[in-house]
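# Residue-level structure breakdown
The chain contents come next:
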Amino acid sequence: MPISKLNDDAEVDLSQSKILVVDDQPINIQTVYNILSDDYVVLAATSGKDAFKVCEKNIPDLILLDVVMPEMSGLEFCQQLKQRSDTKGIPVIFVTSINQQEEENECWVCGGIDFITKPVNPMTLKNRVKAQLTLKYQKDLLLKLVYVDGLTSIFNRRYFDTHFEKLSNEVERSHRDTAIVMVDIDYFKLYNDRYGHVLGDSTLKQVALLIQNSLQRPADLVSRYGGEEFVVVLPETEVDGAVAVAERIRTSLLKKQIEHLTSEYKVVTVSIGISTFLTCKSKQHTVIEDADVNLYEAKKGGRNRVCI
Ligand code: GH3
Ligand code: MG
Ligand code: MG
Ligand code: MG
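- Identification of the protein chain as diguanylate cyclase from Paraglaciecola hydrolytica is taken from an unreviewed UniProt entry.
- UniProt's Catalytic activity (unreviewed entry) comment on the protein chain is quoted here verbatim: "2 GTP = 3',3'-c-di-GMP + 2 diphosphate".
- Its UniProt record, at the heading Cofactor (unreviewed entry), says of the protein chain: "Mg(2+)".

Have a look at this one:
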C-alpha cells in the first residue's frame, strides 16, 4: 500500500498538553498564560526549585523557561533537568530578553530546543509551542508503538532486549546481582481451545496486570517475552528475593480462581523459572537460557510451581 494512503489528516488533539512556564516575574507568567491557556493546560513556577516540585507531581509536555532568575538560573535549571532520567525528555523553549549571541548559544548548549525573545510575539509563541508539542506527541506515540505490547499494555520483547543489554553492562560493572524470572501460563493452548481466543486474550491481559502489580520497586520490569510468556527483571535482587516475587505472582493468580476446567488445577496457573547473574557463570547470554531451563523443570515437575 502506498504510504500516502496511510496519512491521517485529522489534527492531533493537544488540548490536554501541559506547559510549565518558569519565570521569576509573575507578570511574565501572566502574559504567557493569557496567550496559551485557551489551548493548553498551563502550569507555573517562579523558580527552578519550584519547577522541579511541579515536575515531581506532574511531568509537563513542554517547559517555557526564563534565563535570568535569582538562585538558580534558567541555564542551570535546564542542565539539571537534562541529567535526570525522569525529566530529560521534556523539551525546553527559552523565553528571554537576552540578545547576545554568546549567551544565546549557551541556551542551545545546555539542552534548549528552541528560543523565543521577549517581549513575546503571541503568534510566534503559539506556533513554536504547537510545533514542539506536535513533535513531542509524535515521538511519544512512536515510542509506544515500538516498545509497548498492544494487547497487554506492558513492554514488549523489543523493549526487553534493549533494556536487558544496557542492564547486563551495568551488572558487569557494579557486580550487583540481578534476577530473571520467566513466567509461562500453564495449558494455555487448552484454555484457548475450550474458552476461545477472546477470553484467552482477556486472561492474558489479566495475568500481565497481575504480574505488574506484584512488583514493588520502580526498577523492576515486566515484558511480554512471547505469546503467553513473560519475563521479569529484578535488579539488585538475589535468589531469595526473586523466589518471594515469583511466589507472590503464582499465589495471587491462584487466588483469582480463573476457571480452566481442562487444566488439572481447574483454574489458570503459571509455572516460573528463575536465574540470577551470580548463579550463571557466563552471564548475559545464559541467564535467560538458565531461567528457561528452570521453567521447563517447573513444567516437568507438575506446573503451578517455581523452580530455581
Ligand atoms: P504449557 O503448560 O506447557 O505451557 O502448555 P501451553 O499450552 O501453555 O503451551 P504452548 O506453548 O503449547 O501453547 C501456548 C499457547 O498460547 C498457544 C497459543 O494458542 C496461546 N497464545 C499465545 N499468544 C496468544 C495470544 O496473544 N492470545 C491468545 N488468546 N492466546 C495466545
Ligand atoms: Mg527573569
Ligand atoms: Mg504455556
Ligand atoms: Mg509458552
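### Some points on the overall build of the protein chain
- Secondary structure summary: the protein chain contains nine helices and 10 strands in total.
- On the principal axes, the C-alpha backbone points of the protein chain span a range of 75 × 45 × 40 Å.
- Scored against the burial criterion, the 308 residues of the protein chain give a buried share of 33%.
- The contacts in the protein chain between residues at least 6 apart in sequence include a share of 62% that link residues at least 24 apart.

### Re the UniProt feature "modified residue: 4-aspartylphosphate" (unreviewed entry) in the protein chain
- The UniProt record marks Asp66 with the feature "modified residue: 4-aspartylphosphate" (unreviewed entry), using the residue numbering of this structure.
- The class for aspartate 66 is buried, based on 24 C-beta atoms found within 10 Å.

### A closer look at the pairing of strand β5 (residues 114-117)
- Where strand β4 (residues 92-96) meets β5, four bridges bridge the pair, whose relative direction is parallel. Of the residues in β5, the one forming a bridge with isoleucine 93 is aspartate 114.

### Focus: the site of ligand 1
- What surrounds ligand 1 is a group of 17 residues, the closest being Asp186, Phe188, Lys189, Gly200 and Gly227.
- Those elements that place two or more of their residues in the shell around ligand 1 are β6 (178-185) and α7 (188-214).
- Considering each element in turn, the shell around ligand 1 owes the most residues, eight residues, to α7.
- Residue classes in the shell around ligand 1 are distributed as six nonpolar, four polar and seven charged.

### Here we look at the sheet that holds strand β3 (residues 62-65)
- Spatially, five strands are ordered β2-β1-β3-β4-β5 in an open sheet, and the strand pairing comes out parallel. Each edge of the sheet is formed by a strand with only one pairing partner; in this case those strands are β2 (41-45) and β5. Looking at each pair of strands side by side, their axes are set apart by 20° on average, direction ignored.

### Quick word on helix α8 (residues 239-256)
- Between its first and last C-alpha, α8 extends 26 Å over 18 residues, near the 26 Å set by a 1.5 Å rise per residue.
- All of the buried residues along α8 are Ala242, Val245, Ala246, Ile249, Arg250 and Leu253. Around the axis of α8, the buried residues are gathered within 130° of arc, so they sit on the same side. Seen from the buried face of α8, the exposed residues on the opposite side, beyond 90 degrees, are Asp240, Thr251 and Lys255.
- On its buried face, α8 is in contact with β6, α7, β8 (229-235), β9 (270-276) and β10 (306-307).
- Phi turns positive, to about 50°, at glutamine 257, one or two residues after α8.

### Remarks on the sheet that holds β8
- The mixed open sheet is built from five strands, whose spatial order is β7-β8-β6-β9-β10. Looking at the sheet topology across the chains shown, the edges are occupied by β7 (221-226) and β10.
- Across the face of the sheet, helix α6 (residues 157-174) comes into contact with β6, β7 and β8 while running at roughly 125° to β7.

### Some points on the pairing of β4
- Burial within β4 is extensive, with five of its five residues counted as buried.
- Side chains of β4 alternate between two faces, with Val92, Phe94 and Thr96 and Ile93 and Val95 buried alike.
- Bridge count for β3 against β4 is three bridges, and the pairing is parallel. In the strand pairing of β4, isoleucine 63 is matched with valine 92.
- Where the polypeptide runs from β3 across helix α3 (residues 74-83) and back to β4, its parallel neighbour, the crossover connection is right-handed.
- This β-α-β element, β4 to helix α4 (residues 101-109) to β5, shows right-handed connectivity.

### Observations regarding unusual backbone geometry
- Cis geometry is adopted by the peptide bond preceding proline 119, which originates at lysine 118 and carries an omega value of -5°.
- The phi angle at tyrosine 187 is positive, at roughly 45°, despite the residue not being glycine.
- You can call tyrosine 187 partly exposed: it has 19 C-beta atoms within 10 Å.
- One non-glycine residue, asparagine 304, adopts positive backbone phi at about 50°.

### Regarding α6
- Relative to the 26 Å expected for 18 residues at 1.5 Å per residue, α6 spans 25 Å between its end C-alpha atoms, a close match to the ideal helical length.
- Once α6 ends, the next one or two residues include histidine 175, with phi positive near 55°.

### Regarding the nonpolar core
- Formed by 40 residues in total, the largest nonpolar core has its most connected members in Val181, Val183, Val232, Ile272 and Ile274.
- Residues contacting valine 232, with those up to four places away along its chain left out, are Val181, Val183, Ile211, Leu215, Asp220 and Val222.
- Leu36, Val67, Cys78 and Val95 belong to the second-largest nonpolar core, a separate cluster that totals 29 residues.

Here is what the cut-offs are and how they apply
- Residues numbered from 1 in each chain as written.
- Chains lettered and ligands numbered in written order.
- Predicted model: local features only at pLDDT ≥ 70, side-chain atom pairs only at ≥ 80, totals over all residues.
- UniProt positions renumbered as here; feature names shortened; annotations may be inferred.
- Helix = DSSP H or I, 4+ residues; strand = E, 2+ residues; numbered from the N terminus.
- Buried ≥ 20, exposed ≤ 12 C-beta atoms within 10 Å, placed from the backbone.
- Contact = placed C-beta atoms within 7 Å.
- Pairing = 2+ DSSP bridges.
- Near = placed C-beta within 6 Å.
- Nonpolar A, V, L, I, M, F, W, Y, C, P; charged D, E, K, R; others polar.
- Axes fitted to C-alpha atoms, helices over the stretch in contact; angles between N-to-C directions.
- Expected span 1.5 Å × (residues − 1).
- Arc of directions from axis to C-beta.
- Right-handed = clockwise from strand over helix to strand, strands pointing away.
- Core = buried A, V, L, I, M, F, W, Y, C linked by C-beta atoms within 7 Å.

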